[in-house]
Amino acid sequence: MAGGAFVSSGEGANHEGQVTVFVIISCMVAAMGGLIFGYDIGISGGVTSMEEFLTKFFPSVYRKEISDGASQNQYCKFDSQMLQLFTSSLYLAALVASFLASVITRMFGRKISMFIGGVVFLVGAILNGAATNLAMLIIGRVLLGVGVGFANQSVPVYLSEMAPAKIRGALNIGFQMAITIGILVANLVNYGTSKMKGGNGWRISLGLAAVPAIMMSVGSLFLPDTPNSLIERGQTDKAKKMLQKIRGTDAVDQEFQDLIEASDAAKQVEHPWRNIMEPRYRPQLVITCCIPFFQQLTGINVIMFYAPVLFKTLGFGDDASLMSAVITGLVNVLATIVSVVCVDRFGRRALLLEGGTQMFVCQIAVGVVLGLTFGTSGQGSLPKGAADFVLFLICAYVAAFAWSWGPLGWLIPSEISPLEIRSAGQAINVSVNMFFTFVIAQAFLSMLCHMKFGLFFFFAAFVLIMTIFVYSLLPETRMVPIEEMNGVWKSHWFWGKYIPDDAPGTSHSAPLPPGKQV
C-alpha cells in the first residue's frame, strides 16, 4: 500500500457482503445534501456581478465599477466589506450551526439532521429571492448557513457509515460530486438570468436555491438510518437487520460485532468534546483541524465564490466572465469524476500530493501573468492571449482541487474518527471549514485590492505547506474499515505513540516492515 501504515489480518477488512443497489441508492439520495452547498457557492459570485443586484443593494460598488475603467485600479473595483458580508455571512452561521447539528446527529440520527438542514435552507432561499432590503438579504443568508451547517455535518458521516470499506471513498465523494454539480447548475442559472429583462434575474438565481433544499428535505424522509446510528441509540436488533440489508447477506456477524464493540467503547465516553482533546485522539484532532484549514487556504473559494467578479477584474466582459465561470464549473464536475474512479484505486495520499503540486504550479503562473500585466498599479488590461492562458491555468487549478482536496477534504475527516468522537470530530471539521471559508469570503476582495497579484503567491505558499504536511503526517486510509482505523495511527511513525496498545480497532492490525511506514 503506497504510503500506507496499516495491514489487516483480513478479518475486519474483508467483511462479507456485496455492494448492493440499496446502498448505492441510499448514498446517492444522501449525497444530494451537497447540492445546497454547491448551489450557494456558485450562485453568490454571479449574483454579485449583476448590475441590477449591485444597484439595489450595493450602489457604491456599482458606481465604482462603472467609473473610468482606464484609470482605476483593477484589483480594487469590487472592494466592499458589505458585499463580502453578503457572501461570508452564510459560512459564519454554518460554523455555529455545526455544533448544534453534532448533538442532534448523535442523539436523533443522521437523517434528522439532513431534514432540518433542508427545511431551514428552504426558508432562507425564499427570503433571499423575495429580499427588499439588505437586512432581509443577510437574514436569508444566515438561514442558508444554518442549513449548510446541518448538511455538511451529517451527510459525510452518513456516507462513510453506509458504504462498504472497499468503495467508501467513491461513495463519500458523491457528496463532493453533488457540490460540484450544484456549482455548475448555479453558474448556468446565473448566465441565463443575467440576460433577463426587468432587473429581477438575481431574484430567480437566489430563489432557485429552494429546489435543492426541497430535494434534500424530501429525500431524507426516505433514507434508512445507518447501523452505527441505530446501535448508538440502542436499537441493536434493527441495526443488525439494516446491516444485513445494506450488505446483501445474513453473514454479517463479524462486522456487526465490530460495530457493537465500537459502540460500547463510545458509550464509555460521556463527554466527546472533552475526550477528543485527550492524547489518544490527538491524530484525529490534528487531522480534523488541519485538513479543512488547508482546504480553504488553497484559495479555491476565491474562484468558486467570486469567479465572475474575478474574471471581470481580470478584464473579461460581463458575458465572458459568466461563461468563464461556467467553464470552470464544468471542469470541476468532470475532474471530480476522476476522483471517484481513482480514490479507492490509488488512495487518498496520491491524489492529495499530485493535486497539491498541480495547484501550486498554476497559482504561481497566474501570479506571474498578473504581475507582468497589471504590475502593482492595477491599471491596464489583459491581452486576449494572456486572458485565455489565465483561464486555462484556473481550469487546471480547479481540476487539481476537484480530484484531490475538494472531495478528500470531506472524506478523510469523516472516516478517521472512532464512533465515540465521530460527531464531535465532524463538527470540528465543518466548523473549521466554515470559519476559514468565512475568513476567505470576507477578506478576499480586500486582499486582492491590497496584495494584488501577490495574493496568488500567498495561496501558493499554503499549498506548498499542506502538500508537505500530507507527505509527512497523513497515513493512507484506503480500504480500511472505519472501526479498525486505530490500526492506521498505531502503525504510523509519528502518531503511533499516541495510540494505546489496547485501543479498539488495533487488534487486527500489524505494523508494516521498517521503511514501509508513513
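Definitions and limits used
Residues numbered from 1 in each chain as written. Predicted model: local features only at pLDDT ≥ 70, side-chain atom pairs only at ≥ 80, totals over all residues. Heavy atoms only, no water. Helix = DSSP H or I, 4+ residues; strand = E, 2+ residues; numbered from the N terminus. Buried < 20%, exposed > 50% of the residue type's maximum accessible area, 1.4 Å probe, protein only. Contact = heavy atoms within 4.5 Å. Expected span 1.5 Å × (residues − 1). Core = buried A, V, L, I, M, F, W, Y, C linked by side-chain atoms within 4.5 Å. Salt bridge = Lys/Arg side-chain N within 4 Å of Asp/Glu carboxyl O. Phe/Tyr/Trp six-rings, centres within 6.5 Å; stacked < 30°, edge-to-face > 60°. Lys NZ or Arg CZ within 6 Å of the ring centre and 35° of its normal. Patch = residues over 30% accessible without salt bridge, like charges linked within 9 Å, V, L, I, M, F, W, Y side chains within 5 Å. Areas by Shrake-Rupley, 256 points an atom, 1.4 Å probe, with all protein chains shown as cover.

### Concerning the overall build of the protein chain
Counting its secondary structure elements, the protein chain contains 23 helices and two strands. Scored against the burial criterion, the 518 residues of the protein chain give a buried share of 62%. For the protein chain, long-range pairs separated by at least 24 residues make up 81% of all intrachain contacts whose partners lie at least 6 apart in sequence.

### Thoughts on helix 13 (residues 253–267)
In a regular helix each residue adds 1.5 Å, so 15 residues correspond to 21 Å; helix 13 covers 21 Å between its end C-alpha atoms and thus fits that length. Where helix 13 is buried, its residues meet helix 5 (81–108), helix 11 (227–232), helix 12 (236–247) and helix 21 (419–451).

### Notes on the nonpolar core
Within the largest apolar cluster, 131 residues are counted, with the highest numbers of intra-cluster contacts made by Phe53, Trp405 and Met434. Sort the elements by how many residues they give to this core and helix 19 (residues 384–402) lands first, with 14 residues. If we ignore the near neighbours within four places in the chain, the residues touching Met434 are Phe37, Tyr91, Ala94, Leu95, Val148, Asn152 and Trp410. In this structure, Leu285, Ile421, Ile428 and Val432 belong to the second largest nonpolar core, which totals six residues.

### What to know about the pattern of salt bridges
All chains considered together, the criterion is met by twelve salt bridges. Here Arg422 makes a salt bridge to Glu161, at a shortest N to O gap of 2.9 Å. Taken as a pair, Arg422 in helix 21 and Glu161 in helix 7 (residues 134–162) lie far apart in primary sequence, 261 residues in all. Both residues of the pair, Arg422 and Glu161, count as buried. Across the pair Glu255 and Arg247 runs a salt bridge, and its minimum N-O distance is 2.9 Å. Where salt bridges share partners, they join Arg106, Arg110, Glu161, Glu232 and Arg422 into one cluster.

### Structural notes on the packing of aromatic side chains
As enumerated under the stated definition, the model contains 23 aromatic pairs in all. Clustering of aromatic rings is evident, with ring pairs tying together Phe293, Phe294, Trp405, Phe435, Phe436, Phe458, Phe459, Phe462 and Phe469. Directly above the ring of Phe57 sits Lys56, whose terminal nitrogen or CZ lies 5.8 Å from the centroid. The aromatic ring of Phe86 is capped on one face by Arg141, whose charged end is 4.7 Å from the ring centroid.

### Considering the environment of Met177
Within the element layout of this structure, Met177 appears in helix 8 (residues 168–193). For the pair formed by Met177 and Gly38, sequence separation is 139 residues and the distance between their alpha carbons is 9.2 Å. In contact with Met177, not counting residues within four places along its chain, are Val333, Thr336, Ile337 and Val340.

### What to know about unusual backbone geometry
Despite not being glycine, Lys452 shows a phi value in the positive range, around 60°. In the Ramachandran plot, Met479 falls in the positive-phi region, its phi being about 70° despite a non-glycine side chain. Checked against the element boundaries, Met479 lands in the loop between helix 22 (454–473) and helix 23 (486–490). You can call Met479 partly exposed: its relative accessible area is 34%.

### Describing a nonpolar patch on the surface
On the surface, a cluster of nonpolar side chains totalling about 640 Å² of accessible area is made up of Phe115, Val119, Val123, Ile214, Val218, Leu221 and Phe222. Those elements giving two or more residues to the nonpolar patch turn out to be helix 6 (110–129) and helix 10 (210–221). When you line up the elements, Phe115 lands in helix 6.

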